[in-house]
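The lines below spell out each chain.
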Amino acid sequence: MMCIHGGAGFGKPLAINTCLCELEDSRGEELCKVTFRARSTAPAVRYELFTALDLFGEPPRHPR
């Protein structure tokens, strides 16, 4: 998991997508890409991760 931070116009999406494509090609593994909205809440992050990872059951309402 990582966080990319920087000013507008520095090529963050291009750098991320290029690196992820190279990783996916070199390792032959499927990558899971999740993008969160600006100022996401903890429950929203839990829900997005739960959904992206295709976990069984309902997303948890509280951290454990």
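One structure accompanies this document, and this report is about it. (Residues numbered from 1 in each chain as written. Predicted model: local features only at pLDDT ≥ 70, side-chain atom pairs only at ≥ 80, totals over all residues. Heavy atoms only, no water.)

## Considerations on the overall build of the chain
Keep this limit in mind: Secondary structure elements follow DSSP: runs of H or I no shorter than four residues count as helices, runs of E no shorter than two count as strands, and numbering proceeds from the N terminus. Put simply, the radius of gyration uses C-alpha atoms, and a globule should come to 2.2 Å times the residue count raised to 0.38. With a 1.4 Å probe rolled over the protein chains alone, any residue whose accessible area is under 20% of its type maximum counts as buried; one over 50% counts as exposed, and the rest are partly exposed. In short, Shrake-Rupley with a 1.4 Å probe defines the accessible areas, and a residue's cover is counted only from the protein chains shown. Counting rule applied: Lys, Arg positive; Asp, Glu negative; His and chain ends not counted. Taken as the charge centre is NZ of Lys, CZ of Arg, CG of Asp or CD of Glu, depending on the residue.
The number of helices and strands found in the chain is two helices and zero strands. In terms of overall size, the chain is more extended than a compact globule, its C-alpha atoms giving a radius of gyration of 14 Å where 64 residues would be expected to give roughly 11 Å. Once the C-alpha set of the chain is aligned to its principal axes, its extents read approximately 35 × 30 × 15 Å. Taken across its 64 residues, the chain has 5% of its residues classed as buried. Here the chain has roughly 6,100 Å² of accessible surface; of this, 57% comes from carbon and sulfur atoms. For the chain, the distance from the average site of its 8 positive side-chain charges to the average site of its 8 negative ones is 14 Å.

## Let's talk about the layout of surface pockets
This is how it is decided: Only protein atoms enter the 1 Å grid used here, on which a cavity is any set of points holding a 1.4 Å probe that cannot leave and a pocket is any open set flanked by protein within 12 Å on both sides along at least five of seven lines; residues with an atom within 4 Å of a point are listed as lining. Grid points are joined across faces, edges and corners, and a volume is the space filled by probe spheres set on the points. By the convention adopted, Pro, Cys, Tyr, Trp, Phe, Met, Ile, Leu, Val and Ala count as nonpolar, Lys, Arg, Asp and Glu as charged, and the other residues, Gly among them, as polar.
Taken as a whole, the largest pocket holds about 860 Å³ of empty space. Forming the boundary of the largest pocket are 19 residues, of which Met-2, Lys-33, Val-34, Thr-35 and Phe-36 lie nearest the centre. Examining the composition of the lining of the largest pocket, we find that five residues originate from one element, helix H1 (residues 12-27), more than from any other. Of the residues belonging to the lining of the largest pocket, the class tally is 14 nonpolar, three polar and two charged.

## Observations concerning the side chain of Arg-46
Convention followed: Only one rule defines a salt bridge in this text: a Lys or Arg side-chain nitrogen within 4 Å of an Asp or Glu carboxyl oxygen.
Structurally, Arg-46 can be placed in helix H2 (residues 42-52). For the buried Arg-46, no salt bridge is present, and the opposite-charge side chain at shortest range is Glu-48, 12 Å distant.

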